[in-house]
Amino acid sequence: MTDGYGPLPSDVDDRQAIEHILGRPLSQTWPTGALAPGSRVRVVRAQDWDGPWQVESAGTIDAMSAPEPNEHAQALKGELLYWVAFDTPQYDSSGEGPYRKAQIWGRYLRATPEPDA
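Read on for a plain summary of the structure.

A closer look at the overall build of the protein chain
Move 1: When you go through the protein chain residue by residue, the secondary structure sums to one helix and six strands.
Move 2: Per-residue burial for the protein chain yields a buried fraction of 36% across its 117 residues.
Move 3: Taking as baseline every contact in the protein chain between residues at least 6 positions apart, the subset at least 24 positions apart corresponds to 60%.

Quick word on the packing of aromatic side chains
Move 1: Under the counting rule described, the total for this entry stands at three aromatic pairs.
Move 2: Considering the side-chain rings of W53 and Y99, the 5.8 Å spacing of their centres and the 85° angle between planes classify their relative orientation as edge-to-face. Remark: Y99 occurs in strand β5 (residues 99-105) and W53 occurs in the loop between β1 (40-43) and β2 (57-61); sequence separation between them is 46 residues.
Move 3: We classify W53 as buried; its relative accessible area is 8%.
Move 4: Looking at Y99, the relative accessible area reads 29%, which means it is partly exposed.
Move 5: With 6.4 Å between their ring centres and 35° between their planes, W105 and Y108 make a pair best called tilted.
Move 6: Residue classification places W105 among the partly exposed positions, given a relative accessible area of 21%.
Move 7: Given the relative accessible area of 9%, Y108 is considered buried.

Points about the pairing of β2
Move 1: The sheet contact formed by β1 and β2 spans four bridges and is antiparallel. In the strand pairing of β2, R42 is matched with A58.
Move 2: Pairing of β2 with strand β4 (residues 80-90) involves three bridges; the strand directions are antiparallel. Counted as the bridge partner of I61 is V84 from β4.

Description of the environment of A75
Move 1: Mapped onto the secondary structure, A75 falls in the loop between β3 (68-69) and β4.
Move 2: When the C-alpha positions of A75 and R107 are compared, they lie 8.9 Å apart, and in sequence the two are 32 residues distant.
Move 3: For A75, the contacting residues outside a window of four places in its chain are N70, W105 and R107.

Reading the values: rules and limits
- Residues numbered from 1 in each chain as written.
- Predicted model: local features only at pLDDT ≥ 70, side-chain atom pairs only at ≥ 80, totals over all residues.
- Heavy atoms only, no water.
- Helix = DSSP H or I, 4+ residues; strand = E, 2+ residues; numbered from the N terminus.
- Buried < 20%, exposed > 50% of the residue type's maximum accessible area, 1.4 Å probe, protein only.
- Contact = heavy atoms within 4.5 Å.
- Phe/Tyr/Trp six-rings, centres within 6.5 Å; stacked < 30°, edge-to-face > 60°.
- Pairing = 2+ DSSP bridges.

Any link to function would need more than the numbers given here.
Right, dumping it as structure tokens:
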């Protein structure tokens, strides 16, 4: 694991709010091999159920917190949870939202090339 990434100033308020809700600090230790902060991703829909988001969308891996192990009973072995900032706010499969940022299971992320400047 490496410590090379920290939150951007715009992430500080978000990080503090999430830490307050969780009752613990968010990790800033980035796992080796994880998608780097600032990486472009596509959030995809599940093959076997109607979710987790209403539509596929583009976003960026957010530096607010390092990816964390997914400890859900249905998580894949070694699966990480990433914070993703959506390019445009999104609604989840339950119709809640819009969300500008969310924690996404690694299986629903596909790395995409950087957009042309």
